[in-house]
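# Topology and contacts: notes
Spelled out from the first residue to the last, the chains are:
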Amino acid sequence: GQNIDQPTEMTATEGAIVQINCTYQTSGFNGLFWYQQHAGEAPTFLSYNVLDGLEEKGRFSSFLSRSKGYSYLLLKELQMKDSASYLCAVRARTGANNLFFGTGTRLTVIP
Amino acid sequence: GAVVSQHPSRVICKSGTSVKIECRSLDFQATTMFWYRQFPKKSLMLMATSNEGSKATYEQGVEKDKFLINHASLTLSTLTVTSAHPEDSSFYICSARGGTIANTGELFFGEGSRLTVL
């Protein structure tokens, strides 16, 4: 089975940097995804890691350590529009390669 | 990126009626689509995997007779909530894996359908 843990809520200041952690336990790891979801909307893809290391994409970076079952999403130069839920999802090497989602971290950016 | 369209975005129905939600991949063919359910302030819960031309694969605890899934073509999957009750009120989201886009396996999501059962 899969077990994915994230903090439930975080608050950060506009212009600052915030790191959202995700730990996972899965049978058959085949990639980790981060999605952003604004309230009432569908999730949108942010990043994908399948090898250890840091993937940088503009203000967003994602890190993966497979041996530790650990990932983080780093958001720099926070903007008010970054207030959203951030979902960590693990792809299992089973059947249709389903994605299993963590509970999501609700980030609130304050002025 | 790949586009997935979901319809209707909002539906209100009376208890005991059935509601059908459509999920379409607009610019690619999706042999596999996924249906998720999301409760307020909670993450996505995978309900079932919809396979084109065959029966859907349901996750444990999801009633297949309650949530009927049909994947009749490579671009369309439907979820029918049968004999809906207030506890079925939720946000239902479909997704599909893009065809040849980067092959990261990322999922593209529909806009979601908010079901309210009175």
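## A few points about the pattern of salt bridges
Residues and elements named next belong to chain A. The full count for this structure, using the stated rule, is five salt bridges over all chains. Ionic pairing is found between Glu56 and Lys76, a salt bridge with its closest N-O pair at 3.7 Å. Taken together, the residues Glu56 in strand β6 (residues 53-57) and Lys76 in the loop between β8 (70-75) and β9 (84-92) connect sequence positions 20 residues apart. Judged by relative accessible area, which is 29%, Lys76 ranks as partly exposed.

## Comments concerning the environment of Lys76(A)
Considered as a pair, Lys76(A) and Ile17(A) are 59 residues apart in the sequence and their alpha carbons are 4.5 Å apart. Beyond its immediate chain neighbours, meaning those up to four positions away, Lys76(A) contacts Ala16(A), Ile17(A), Glu56(A), Arg59(A) and Ser61(A).

## Comments concerning the side chain of Ser77(B)
Residues and elements named next belong to chain B. Assignment of secondary structure puts Ser77 in strand β8 (residues 76-81). By relative accessible area, Ser77 is classed as buried at 0%. A polar contact of 3.0 Å, which involves the side chain of Ser77, links it to the side chain of Ser50. Aside from chain neighbours lying at most four places away, what touches Ser77 is Ile21, Glu22, Cys23, Met33, Trp35, Ser50, Ile69, Asn70 and His71.

## Re the sheet that holds strand β3 (residues 18-26) of chain A
All names here are of chain A. One open sheet accounts for five strands, arranged β1-β3-β8-β7-β6; its pairing is antiparallel. Two strands lie at the open edges of the sheet, namely β1 (2-5) and β6, each paired on one side alone. Taken over all neighbouring pairs, the strand axes of this sheet differ in orientation by 15 degrees on average, direction set aside. The sheet contact formed by β1 and β3 spans four bridges and is antiparallel. Across the sheet, residue Ile4 finds its bridge partner in β3, namely Tyr24.

## Description of the pairing of β8(A)
Residues and elements named next belong to chain A. Burial within β8 is extensive, with five of its six residues counted as buried. Of the pairings in the sheet, the one linking β3 to β8 comprises six bridges and is antiparallel in character. Looking at β8, one finds that Cys22 is bridged to Ser71. Two strands pair when backbone bridges link them, and strand β7 (residues 60-65) and β8 are joined in this way by six bridges, in the antiparallel orientation. Within the sheet, the bridge partner assigned to Ser62 lies in β8 and is Leu73. In sequence, β7 turns back onto β8 through a hairpin of four residues, with Gly69 there showing a positive phi of about 60 degrees.

## Here we look at the state of the cysteines
All names here are of chain B. One pass over the full model with this rule turns up two disulfides over all chains. In this model Cys23 forms its disulfide with Cys94; the gap between the sulfur atoms is 2.0 Å. One quick way to see it: the torsion about the S-S bond of Cys23 and Cys94 is about 80 degrees, and its sign makes the bridge right-handed. Residue Cys23 is located in strand β3 (residues 19-25), and its partner Cys94 is located in strand β9 (residues 90-97); the two are separated by 71 residues in the primary sequence. The class for Cys23 is buried, based on a relative accessible area of 0%.

## Focus: the interface of chain B and chain A
Accessible area lost during the coming together of the parts is what is often quoted as the interface size. The interface of chain B with chain A comprises 22 residues on the first partner and 21 residues on the second. Carbon and sulfur atoms make up 56% of the area that chain B and chain A hide from each other, which totals about 1,500 Å². Remark: the boundary between chain B and chain A carries zero salt bridges. Only β4 (32-38), β5 (44-51), β9 and β10 (107-109) of chain B provide two or more residues apiece to the side of chain B that touches chain A. The leading source of residues in the side of chain B that touches chain A is β4(B), at four residues.

## Description of the pairing of β9(B)
Residue and element names in this part refer to chain B. Counting buried residues in β9 gives eight out of eight residues, a clear majority hidden from the surface. Judged by which residues are buried, β9 turns out to be covered on both faces: Ser90, Tyr92, Cys94 and Ala96 on one side and Phe91, Ile93, Ser95 and Arg97 on the other are all buried. Where β4 lies against β9, six bridges are found, and the strand directions are antiparallel. Looking at the pairing, Arg37 lines up with Tyr92 of β9. With three bridges joining them, β9 and strand β11 (residues 113-117) adopt antiparallel strand pairing. Residue pairing in the sheet places Phe91 in a bridge with Arg114 of β11. Examined bridge by bridge, β9 and β10 share three bridges and lie antiparallel to one another. Following the sheet pairing, Ser95 is matched in β10 by Phe109.

Basis of the calculations
- Residues numbered from 1 in each chain as written.
- Chains lettered and ligands numbered in written order.
- Predicted model: local features only at pLDDT ≥ 70, side-chain atom pairs only at ≥ 80, totals over all residues.
- Heavy atoms only, no water.
- Salt bridge = Lys/Arg side-chain N within 4 Å of Asp/Glu carboxyl O.
- Helix = DSSP H or I, 4+ residues; strand = E, 2+ residues; numbered from the N terminus.
- Buried < 20%, exposed > 50% of the residue type's maximum accessible area, 1.4 Å probe, protein only.
- Contact = heavy atoms within 4.5 Å.
- Polar contact = N/O pair within 3.5 Å; in protein donor to acceptor, adjacent residues only side chain to side chain.
- Pairing = 2+ DSSP bridges.
- Axes fitted to C-alpha atoms, helices over the stretch in contact; angles between N-to-C directions.
- Disulfide = S-S within 2.5 Å.
- Buried area = accessible area lost by both parts, 1.4 Å probe.

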